[in-house]
Amino acid sequence: MAEKKATTKKAATKEVAEKKAPVAKKAAAPKKAAPKKAGVAVNAENVGFKAGDVYQALAAAEKALTVAEIAKAAKITTEEAYLGIGWLLKEGKIKGENDAIALA
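Because the structure is a prediction, the values reported are computed rather than measured. Counting of residues starts from 1 at the beginning of each chain's written sequence and follows it residue by residue. Predicted model: local features are reported for residues with pLDDT of at least 70 only, side-chain atom pairs are reported and counted for 80 or more only, and whole-chain, interface and lining totals are derived from all residues. The side-chain quantities take in all heavy atoms of the structure and omit both hydrogens and water.

Some words on the environment of Asp99
- By definition, any uninterrupted DSSP run of H or I lasting at least four residues is a helix, any uninterrupted run of E lasting at least two residues is a strand, and each is numbered from the N terminus. Mapped onto the fold, Asp99 is located in the loop between β1 (94–97) and β2 (100–103).
- Separated by 33 residues in the primary sequence, Asp99 and Thr66 place their C-alpha atoms 6.6 Å from one another.

So this is what it looks like as structure tokens:
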């Protein structure tokens, strides 16, 4: 009978230990940081520099380029390319040709 009690006692101890074991808590989901918008500073100096970048890209290509091609050649974003194009259009230095921009 002593064996039977020992076995029962071990099983009871194991059950108690399992009940007392700390429950694994779910890890809190990491907070997502709000993506920073890469804004373009719209001021006369910055837009003037972007216009220069656009002009130089068009002069180097010696042909009409799309906005994406201008941005790639000038190493600027398409938004910055549009700013520069607007400046140059206003000054009459460039013109549109079949969905492309060329020097006037």
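Okay, back to it.
Examining helix α2 (residues 44–61)
- Helix length check: α2 (18 residues) gives 26 Å between terminal C-alpha atoms against 26 Å at 1.5 Å per residue, within 8%.
- What α2 keeps buried is the set Asn46, Val47, Lys50, Ala51, Val54, Ala57 and Leu58. Summarising the axial view, the buried residues of α2 lie within an arc of 140°, below the 170-degree limit, and thus occupy one face. What points out from α2, more than 90 degrees from its buried face, is the exposed set Ala44, Glu45, Phe49, Gln56 and Ala60.
- Should any heavy atoms of two residues lie within 4.5 Å, those residues are counted as being in contact. Tucked into the core, α2 has its buried residues touching α3 (67–74), α4 (78–91), β1 and β2.
- Just beyond α2, the residue with positive phi is Glu62, at close to 55°. To estimate how far a helix should reach, multiply one less than its number of residues by 1.5 Å. Burial classification: accessible surface area is computed with a 1.4 Å probe over protein chains only, and a residue below 20% of its type maximum counts as buried, one above 50% as exposed, and the rest as partly exposed. Directions drawn from the helix axis to the C-beta atoms are what define this arc.

Thoughts on the packing of α3 against α4
- Contact geometry for α3 and α4: axes closest at 9 Å, N-to-C directions at 105°. Judged on the interaxial angle alone, α4 and α3 are roughly perpendicular. For the pair formed by α3 and α4, the contact residues are Val67, Ile70 and Ala71 on the first element and Thr78, Ala81, Tyr82 and Ile85 on the second.
- Looking at the contact of α3 with α4, its residues break down into six nonpolar, one polar and no charged. Angles shown run from 0 to 180 degrees and are taken between the N-to-C directions of axes, each axis being a line fitted to C-alpha atoms and, for helices, limited to the stretch in contact. Orientation labels follow simple angle bins: below 35 degrees gives roughly parallel, above 145 gives roughly antiparallel, 65 to 115 gives roughly perpendicular, and whatever is left gives oblique. Note on residue classes: Ala, Val, Leu, Ile, Met, Phe, Trp, Tyr, Cys and Pro are nonpolar, Asp, Glu, Lys and Arg are charged, and everything else, Gly too, is polar.

Digging into the pattern of salt bridges
- Take a side-chain nitrogen of Lys or Arg and a carboxyl oxygen of Asp or Glu: if they are within 4 Å of each other, that pair is a salt bridge. On inspection of all chains with the given rule, the structure shows three salt bridges.
- Here Lys50 and Glu80 are joined by a salt bridge, their closest N and O atoms 3.8 Å apart. Placement of Lys50 in helix α2 and of Glu80 in helix α4 is noted, with a sequence separation of 30 residues between them. The same class applies to Lys50 and to Glu80, which are both buried.
- For Lys95, the salt bridge is made with Glu97, and the minimal N-O distance between the two is 3.6 Å.
- Classification of Lys95 by relative accessible area gives partly exposed; the value is 38%.
- Using a relative accessible area of 34% as the deciding quantity, one classes Glu97 as partly exposed.

Some thoughts on the nonpolar core
- Among buried residues, those of type Ala, Val, Leu, Ile, Met, Phe, Trp, Tyr and Cys that are joined through side-chain atoms within 4.5 Å constitute a nonpolar core. In this structure, Val54, Leu58, Ile70 and Ile85 are the most contacted members of the largest nonpolar core, which totals 15 residues.
- Among the secondary structure elements, those contributing two or more residues to this core are α2, α3 and α4.
- Residue contacts for Ile85: discarding those within four places in its chain leaves Val54, Val67, Ile70, Ile94 and Ile101.

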